[in-house]
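What follows is each chain in one-letter form.
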Amino acid sequence: MIPFNMPLYLGTEIKYIKAAITKNHQIGGDGPFTKACSDWLCQNAQIPGAFLTNSGTAALEMTALLAGIKPGDEVIMPAFTFVTTANAFALRGATIVFVDIRPDTLNIDETLIEAAITSRTKMMVPVHYGGIGCEMDAIMAIARRHDLLVVEDAAQGVMASYKNKALGSIGDLGCYSFHETKNYTMGEGGALLINREDLIEQATIIRDKGTNRHDFLAGRVDKYSWVDLGSSYLPSELNAAHLLAQLEAAEMVNQQRLNLWQHYYERLKPLVAAGYIELPVVPNHCQHNGHLFYIKTASQQERNDLIHWLKQHQICTAFHYTPLHETPGGQKFGRFHGADRFTSNESLRLLRLPLYFSLSEPELEQVVAEIVAFYKR
Ligand SMILES: *Cc1c(COP(=O)(O)O)cnc(C)c1O
């Protein structure tokens, strides 16, 4: 069986985890491994602040607190995304305003955003699907015109860029995920990227239970106390140790994923020429990271038949999001602005193929061969 995903494991992680336990004697949060990961993230994305969190979801929830989201505020995002992109803001009482996606990148259609803005709109959350960047220049220009905050959901975007700027580093805030399904992992984990010096101190407090313990540990105050709203968003050093080993090898891992992605692309191109399927589109100014590879079939029925065919031939594939405006949560906490021209239709045709660091060339060839066989029947 070729699985759909295998979590990245390089072999060096275990040494670092052991060092956290037996050398540093620190397995709680914010030790040397967490610091090394944060430094790597700041350097890699060229931003003033980065905080490891216990999930990508936690990083999104931190942005809602940082933005002071209150009941009645509106947050604009695509409906073609993971639940927590929306839930993080609904949790603070916001109304989620969904906007349609572009059919090429499946990212939010930047030309539809402005019409969805009202006097209650507080922020926009562009999602970089598959590590392929949204049209950030247009999005940032809208944000400036309407004085809105931009939070990039770059959960899938580590090591990817837009016009040579790291995804997650362009808006006011950015979120990464290090879940085991992502390119780099700590099991469960994520990071908050901060592009604004003025938000760093408050983020420190929010992440550490609403306390100024950070000032206490640094010797700036002689006791720490509750100073604002917060929660416990910091991960254990064990998880950070696992992640650091992978971040140190990020160039090599990224290149391997890009090779596999390109290999799929080249081998499946004939099926595009024959009119059977469509392949992902990467705009020229975007450098992606091979996070996922999808094909688009002609219809939902054809996609489901293909999933079944591949499963019979020992290959696991996956569709992706149920558009959020079609879910009970999305109906309770959000509304779709304008027409759903592409969100539902594109998601019904989408099929993700196995793509992970340890996927071998023969395995990839087998996936391609079975897709070709399906269409040649
Ligand atoms: C993975 C993901 C998240 C959530 O990350 P977790 O670490 O699983 O909480 C949020 N948004 C998108 C687009 C994701 O892909």
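The coordinates are above.
Student: Help me out: how do you make sense of the packing of helix α1 (residues 13–22) against helix α8 (residues 237–247) in this one?
Tutor: A pair of packed helices is captured by two measures, namely the crossing angle of their axes and the spacing between those axes. α8 packs onto α1 with a crossing angle of 145° between their chain directions and a minimal axis gap of 8 Å. In the packing of α1 onto α8, the handedness of the crossing is right-handed. Contacts between α1 and α8 involve E13, Y16, I17, A20 and I21 from the first element and E237, L238, A241, H242, L244, A245 and Q246 from the second. Taken together, the residues of the contact of α1 with α8 sort by class into 8 nonpolar, 2 polar and 2 charged.

Student: I keep staring at the site of the ligand and nothing clicks. Help me out?
Tutor: Around the ligand there are 16 residues in total, and G56, T57, D153, S177 and K182 lie nearest to it. T57 is positioned such that a nitrogen or oxygen atom in its side chain is 2.6 Å from an oxygen atom of the ligand. Contact distances for the ligand include 3.1 Å between an oxygen atom and a side-chain N or O atom of K182. Computed on the free molecule, the ligand has an accessible area of 380 Å², of which 92% lies beneath the protein chains in the complex. Of all elements in the fold, only α3 (56–66) and α4 (83–90) reach the threshold of two or more residues within the shell around the ligand. Looking at side-chain class alone, the shell around the ligand contains 4 nonpolar, 10 polar and 2 charged residues.

Cut-offs used in this document
- Residues numbered from 1 in each chain as written.
- Predicted model: local features only at pLDDT ≥ 70, side-chain atom pairs only at ≥ 80, totals over all residues.
- Heavy atoms only, no water.
- Axes fitted to C-alpha atoms, helices over the stretch in contact; angles between N-to-C directions.
- Helix = DSSP H or I, 4+ residues; strand = E, 2+ residues; numbered from the N terminus.
- Left-handed = near helix turned anticlockwise from the far one by under 90°.
- Contact = heavy atoms within 4.5 Å.
- Nonpolar A, V, L, I, M, F, W, Y, C, P; charged D, E, K, R; others polar.
- Near = heavy atom within 4 Å.
- Polar contact = N/O pair within 3.5 Å; in protein donor to acceptor, adjacent residues only side chain to side chain.
- Areas by Shrake-Rupley, 256 points an atom, 1.4 Å probe, with all protein chains shown as cover.

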